[in-house]
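# Summary of the model geometry
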Amino acid sequence: DDDGIYPYDALGSALRHGPSPFLTRTFNADEYEQGILKYMLSAKVGRAEATGNIDAKLNNAMDWSYQKMAEKNGKPKVDYTRLDKKQAVLTVVWALGITPLAVNVVWNTADQFINSPGPSVIKH
């Protein structure tokens, strides 16, 4: 019985699993919802568990698949809906600090190259 309510919003996806599930949820909501429903049906789980698993898969499909194989071989099940405070802090630091800094460096480098290309460019 599915009420259609996610256990957390798109920002919660970003804090738990990074930008990929956030972007998919925000800009491709129909495909995201279909993935949730398909996972619920195939794994016979509720919406919360399906949401956590789809977010984890969107973030890193190889690690998620490895973990699923480990679970089939007896390893403990991972709760992908749990918010790891350390991971959330790292996500915020990347989103607000490191990513804008990297974009700024790329932008300034490109701007310098375009506006003062240096001696290797022949001017007519």
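### Concerning the overall build of the chain
Helix and strand counts for the chain come out as 6 helices and 0 strands. Walking the chain from its N terminus toward its C terminus, one meets helices and strands in the order α-α-α-α-α-α. The C-alpha atoms of the chain give 20 Å as radius of gyration, which overshoots the globular expectation for 124 residues (14 Å, by more than 25%). Referenced to the eigenvectors of the C-alpha coordinate spread, the extents of the chain come out at roughly 70 × 30 × 25 Å.

### So, the nonpolar core
Nonpolar side chains in soluble globular proteins tend to end up buried together. Counting 10 residues, the largest nonpolar core is built from Tyr32, Ile36, Tyr39, Met40, Val45, Ala50, Ile54, Ala56, Trp64 and Tyr80. Elements supplying a minimum of two residues to this core: helix H3 (29-43) and helix H4 (47-59). Among the elements that line this core, the one with the most residues is H3, at 4 residues. Setting aside chain neighbours within four positions, we find Met40 in contact with Asp2, Val45, Gly46, Arg47 and Ala50.

### Here we look at the layout of surface pockets
Approximately 300 Å³ is the volume attributed to the largest pocket. Mapped onto the lining of the largest pocket, the elements with two or more residues apiece are helix H1 (10-17), H4 and helix H5 (61-72). Tallied by class, the residues present in the lining of the largest pocket amount to 4 nonpolar, 5 polar and 5 charged. Roughly 260 Å³ of internal volume is contained in the second largest pocket. Contributing to the lining of the second largest pocket are 13 residues, with Ala14, Gly18, Pro19, Thr91 and Ala95 lying nearest its centre. Counting only elements with at least two residues in the lining of the second largest pocket, the list comes to H1, helix H2 (19-27) and helix H6 (85-115).

### Description of unusual backbone geometry
For Lys44, which is not glycine, the phi torsion reads 55° and is therefore positive. Within the secondary structure layout, Lys44 lies in the loop between H3 and H4. A relative accessible area of 73% means that Lys44 is categorised as exposed.

### Considering the pattern of salt bridges
Per the counting criterion, the structure on display carries 4 salt bridges. Between Arg47 and Asp2 there is a salt bridge, with the nearest N and O atoms lying 2.7 Å from each other. Within this pair, whereas Arg47 is found in helix H4, its partner Asp2 is found in the segment before H1, the two being separated by 45 residues in sequence. Taking the relative accessible area as the measure of exposure, Arg47 reaches 6% and is therefore buried. The exposure class of Asp2 is partly exposed, given its relative accessible area of 34%. Among the salt bridges present, the one from Lys77 reaches Glu49, with a minimum N-O distance of 2.7 Å. One end of the pair, Lys77, is in the loop between H5 and H6; the other, Glu49, is in helix H4, with 28 residues separating them in the sequence. Judged by its relative accessible area of 55%, Lys77 is exposed. Among the residues examined, Glu49 registers a relative accessible area of 27% and is labelled partly exposed.

### Section: a nonpolar patch on the surface
On the surface, a nonpolar cluster with roughly 450 Å² of combined accessible area is contributed by Val89, Leu90, Val93, Trp94 and Ile98. Assignment of secondary structure puts Ile98 in helix H6. For Ile98, a relative accessible area of 34% gives the class partly exposed.

About the thresholds
- Residues numbered from 1 in each chain as written.
- Predicted model: local features only at pLDDT ≥ 70, side-chain atom pairs only at ≥ 80, totals over all residues.
- Heavy atoms only, no water.
- Helix = DSSP H or I, 4+ residues; strand = E, 2+ residues; numbered from the N terminus.
- Rg over C-alpha atoms; globule rule 2.2 N^0.38 Å.
- Core = buried A, V, L, I, M, F, W, Y, C linked by side-chain atoms within 4.5 Å.
- Buried < 20%, exposed > 50% of the residue type's maximum accessible area, 1.4 Å probe, protein only.
- Contact = heavy atoms within 4.5 Å.
- 1 Å grid on protein atoms, 1.4 Å probe; cavity = no way out; pocket = protein on both sides within 12 Å on 5 of 7 lines; lining within 4 Å.
- Points joined across faces, edges and corners; volume = space filled by probe spheres on them.
- Nonpolar A, V, L, I, M, F, W, Y, C, P; charged D, E, K, R; others polar.
- Salt bridge = Lys/Arg side-chain N within 4 Å of Asp/Glu carboxyl O.
- Patch = residues over 30% accessible without salt bridge, like charges linked within 9 Å, V, L, I, M, F, W, Y side chains within 5 Å.
- Areas by Shrake-Rupley, 256 points an atom, 1.4 Å probe, with all protein chains shown as cover.

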